[in-house]
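What the coordinates show
For reference, the chains in residue letters:
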Amino acid sequence: MAFRICLVTPHAWSVPHDTNEHVAGVADALRARGHTVVVLAPSSRSADLLAGRRALQTGVLDDVVAVSRAVPVSPRSAVGIPIGVRASVATALGHGRFDVVHGFDPGVPGLSYVALLEAETTTLATFIDPERLGFPPRRTHRDRLLARIDTLLATSDEVAARAGDRFPGAYTVIPAGVDLDLFAPTRKAKRIVLEMSAGGRSVVRAALRALRGLDDWEAIVLRTGRLAARPSIPLRLRDRVHVRTGLTGDARAHVLRSASLVVPSPDGLRRLRDEAAAAGCAVVDPPDLASQPELAAAALLRFAEDEKARDKDAAARHASVSGSGFGDVAERLDGLYVSAQGRRRTTRRQETEPLADREWIVVDLHMHTNHSHDCAIDPAELVEHAEAENLGAIAVTDHNVFSGALEAVELARGRDLIVIPGEEVKTDRDGEVIGLFLHEEIPRGMTFTDTVAAIREQDGVVYVPHPFDRMHSIPSPATLHHHLPEIDVLEVYNARLLFDAYNDEAVRFARKYGLLAGAGSDAHVLQGVGTGALRMRRFDGPEEFLVSLRTASVLRRPKSLAYLQSLKWVAQMKERVAGG
């Protein structure tokens, strides 16, 4: 299956970067597998930005499209993302019509974060840089991002653990990837590569002291960072020590392929170890090297003097990356893309509407009676009022009790009004779940999983109310994604929510995953009944109800929330006074 894939990086494509090397390698490997791949990236080159602007204007996206300059990524500043960047990303995604949007390092303010929020298709996020996890600073914004991501990835167990602290979820670990052909080993010389970085100077100095006793060996000090300082080389070693800059894979491959030993810096380029292994080098990387740099000298001398030990280490490391090439990474991603796509429900267009002969009715799927602790509506008044408002059906969904629903069902017998018996059940830590078409009460305080199972045991309908109302307890993004197959209906409009953005987010989520849309007033006073509803065909029982929902439309009939809330408070106060 060939996909249209959009890979998005927040790091300037015009500047060498570890994440961008991963993206470039993955893009080429995915194209080799028959996929169409477009990379969205920022750039600091005027020519790249001009070409990117033309691509957005014409809608012809190919290879790498520079859509903006890079957003500053200082971990100490809460940098906002310019609205122009958001608009450019949205335009690119609209033109591209991608099957998959895959963002890298979304914890950096920039294109990946925006693309994952804007995408309405399958989304994946890969965390590569464990030092760049500070954005967005607010947990509510991180939860909103997580709700948009289908699959979380990391390039190592360490990165997954650190990313999981700020972006909780189940991570799949994939290799960082290495170009096995580019780094294929050649004939080895007695050459040591010492990586130079800000935190690795003491290691380089220790290794150079060891080199004094290795008369037939030479060393290359390799600068893998743009700001790496030039080391001080002892006078007696200057004919055997050379300084090279390896900001790109090509430059590093030229140095590593003929080297025998590599001493990576503790805070250096993360992919250098894999590249050294692919090049058939032994790697000097003892534990606690950062705090004890002399360990590098000891290990270096041992490997230099023991060719068998050196060859054994090199062979073991080369074997360890044999399945970590970019082709292998692309193969794994291919499977993850297919799996993530499978989570979206596809509704086949029906030639005929099964309930076309039924009348259209207005249905409010979420309301309460005085059997709820926070409501004073008498069930008899509710039934009378619902009929007076020309509602064709209502769902009575009291908080953690079922008696109000049963009473309303009995009161509606012989009327045209359909009353769906339900219950809004509080879970232990993941908000609430409504069960519709229930027969008996479900206890509160169970896990989300057990609550859903209890609804299923009664052949009820699983209805998730106000899933993104962050003013209250709601399911975590991981819980929603895990239970997608079991959610029958997602409430996309709740008339009592303080912010419309919460409803809009639910609309987006339901549309993305093909979930049936529900709507309700969440009324706690009679005046609120019917302020959120659906127009749908009349139904009989849960099966026809779900069929009817496929052609339903949401009706927004908002009243002043402050007015309705004040009526609720007045009703509660009267009840307390009467009870006192």
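Read on for a plain summary of the structure. Residue numbers restart at each chain and count upward from 1, following the sequence in its written direction. In view of the model being predicted, local features appear only for residues whose pLDDT reaches at least 70, and side-chain atom pairs are presented and counted only at 80 or more, with totals across whole chains, interfaces and linings using the full set of residues. With hydrogens and water excluded, all non-hydrogen atoms of the structure serve as input to the side-chain values.

**Let's talk about the nonpolar core**
Under the convention used in this document: As used in this record, nonpolar core signifies buried Ala, Val, Leu, Ile, Met, Phe, Trp, Tyr and Cys residues forming a set joined through side-chain atoms within 4.5 Å. When accessible area is computed with a 1.4 Å probe and restricted to protein chains, residues below 20% of their type maximum are described as buried, those above 50% as exposed, and intermediate ones as partly exposed. Pairs of residues are marked as contacts when any of their non-hydrogen atoms sit within 4.5 Å.
I394, V419 and F509 are the most contacted members of the largest nonpolar core, which has 42 residues in total. Sequence-distant contacts of V419, that is, excluding residues within four places in its chain, are made with I394, V396, A405, A408, V409 and A412. Residues L40, I81, L117 and A119 belong to the second largest nonpolar core, which totals 37 residues.

**Concerning the layout of surface pockets**
By rolling a water-sized probe across the atoms, one finds the places where empty space is left. Inclusion rule: We place a 1 Å grid over just the protein atoms. Points where a 1.4 Å probe fits but has no way out form a cavity, open points with protein on both sides within 12 Å along at least 5 of 7 lines form a pocket, and any residue with an atom within 4 Å of a point lines it. Grid points are joined across faces, edges and corners, and a volume is the space filled by probe spheres set on the points. Segments assigned H or I by DSSP are reported as helices when at least four residues long, segments assigned E as strands when at least two residues long, and all are numbered from the N terminus. Basically, the charged four are Asp, Glu, Lys and Arg, the nonpolar ten are Ala, Val, Leu, Ile, Met, Phe, Trp, Tyr, Cys and Pro, and anything else, Gly included, counts as polar.
Space inside the second largest pocket adds up to approximately 590 Å³. Going through the elements one at a time, α1 (18–32), β3 (63–68), α8 (249–256) and α12 (326–341) are the ones with two or more residues in the lining of the second largest pocket. Per-element accounting of the lining of the second largest pocket gives the leading share, 8 residues, to α1. Looking at the lining of the second largest pocket, its residues break down into 13 nonpolar, 7 polar and 8 charged.

**Quick word on the pattern of salt bridges**
If charged atoms from side chains of opposite charge come close, those side chains can pair. For the record, the criterion: Salt bridges are defined by distance alone: a side-chain nitrogen of Lys or Arg within 4 Å of a carboxyl oxygen of Asp or Glu.
Under the criterion given, the structure shown has 29 salt bridges. A salt bridge links D334 to R33; the nearest nitrogen and oxygen atoms lie 3.0 Å apart. One end of the pair, D334, is in helix α12; the other, R33, is in the loop between α1 and β2 (36–42), and 301 residues separate them in sequence. For the salt bridge of R496 with D522, the shortest nitrogen-to-oxygen distance reads 3.6 Å. Taken as a pair, R496 in the loop between β18 (489–494) and α17 (500–513) and D522 in the loop between β19 (516–520) and β20 (532–537) lie far apart in primary sequence, 26 residues in all. By relative accessible area, which is 23% here, R496 ends up partly exposed. Members of the salt-bridge network, linked through shared partners, are D18, D129, R270 and R271.

**Looking at the sheet that holds strand β6 (residues 151–154)**
Put simply, the rule reads: By definition, two strands form a pair when at least two bridges between them are found by DSSP. Working convention: axes come from line fits to C-alpha atoms, limited for helices to the stretch in contact. Angles between N-to-C directions cover 0 to 180 degrees.
Read from one edge of the open sheet, 7 strands run β3-β2-β1-β4-β5-β6-β7, paired in parallel fashion. Edge positions in the sheet fall to β3 and β7 (171–173), since each of these pairs with one other strand and no more. Across the sheet, the mean angle separating the axes of adjacent strands is 25 degrees when strand polarity is ignored. Where β6 lies against β7, 3 bridges are found, and the strand directions are parallel. The residue bridging L152 from the neighbouring strand is Y171, located in β7. Running at roughly 165 degrees to β7, helix α6 (residues 157–166) makes contact with β5 (122–127), β6 and β7 of the sheet.

**Some details on the sheet that holds β18**
Hydrogen bonds between backbone atoms are what pair the strands of a sheet, whose relative direction is either parallel or antiparallel. Strand order in the open sheet formed by 9 strands is β19-β18-β17-β16-β15-β14-β13-β20-β21, and the pairing between neighbours is mixed. In this open sheet, the two strands that pair with only one neighbour each are β19 and β21 (553–556). Across this sheet, the average inter-strand angle for adjacent strands is 30 degrees, counted without regard to direction. The sheet contact formed by β20 and β21 spans 4 bridges and is antiparallel. Residue pairing in the sheet places R535 in a bridge with S553 of β21. The strands touched by helix α14 (residues 403–411) are β14 (393–399) and β15 (418–426); relative to β15, the strand with the most contacts, the crossing angle is about 180 degrees.

**Some points on the packing of α1 against α12**
Rules: When an angle is under 35 degrees it counts as roughly parallel; over 145 it counts as roughly antiparallel; between 65 and 115 it counts as roughly perpendicular; any other value is oblique.
Where α1 contacts α12, the axes come no closer than 8 Å and their chain directions differ by 75 degrees. With respect to α12, the element α1 is oriented roughly perpendicular. Only F326, G327, V329, A330, L333 and Y337 of α12 make contact with α1, whose side of the interface consists of E21, H22, G25, V26, A29 and L30. Looking at the contact of α1 with α12 residue by residue, the classes come out as 8 nonpolar, 3 polar and 1 charged.

**What to know about the environment of L182**
Here L182 lies in the loop between β7 and β8 (191–196). The exposure class assigned to L182 is partly exposed, which follows from its relative accessible area of 27%. L182 sits 96 residues away from A278 along the chain, and the two C-alpha atoms are 9.0 Å apart. Ignoring anything within four residues of it in the chain, the contact list for L182 reads G249, D250, A253 and R257.

**Quick word on the pairing of β6**
Our working rule: By the criterion used throughout, a crossover qualifies as right-handed when its path from the first strand across the helix to the second strand runs clockwise, the strands pointing away from the viewer.
Residue alternation in β6 divides its side chains into two sets, T151 and L153 and L152 and A154, and both sets are buried. Relative to β6, β5 runs parallel, the two sharing 4 bridges. When the bridges of β6 are listed, A125 appears paired with L152. Following the backbone out of β5, through helix α5 (residues 139–148) and into the adjacent parallel β6, one traces a crossover that is right-handed.

**Some details on helix α11 (residues 307–320)**
Defined as follows: A helix is expected to span 1.5 Å for every residue after the first. What the arc describes is the spread of directions from the helix axis to the C-beta atoms.
A rise of 1.5 Å per residue sets the reference length of α11, with its 14 residues, at 20 Å; its end C-alpha atoms lie 20 Å apart and thus fit the reference within 8%. Within the span of α11, buried status applies to A309, R310, D313 and A314. Looking straight down α11, one finds that the buried residues subtend no more than 130 degrees of arc, so they occupy a single side. Pointing more than 90 degrees away from the buried face of α11 are the exposed residues E307, K308 and K312. Buried residues along α11 sit in contact with β11 (261–263), β12 (282–283) and α10 (294–305).

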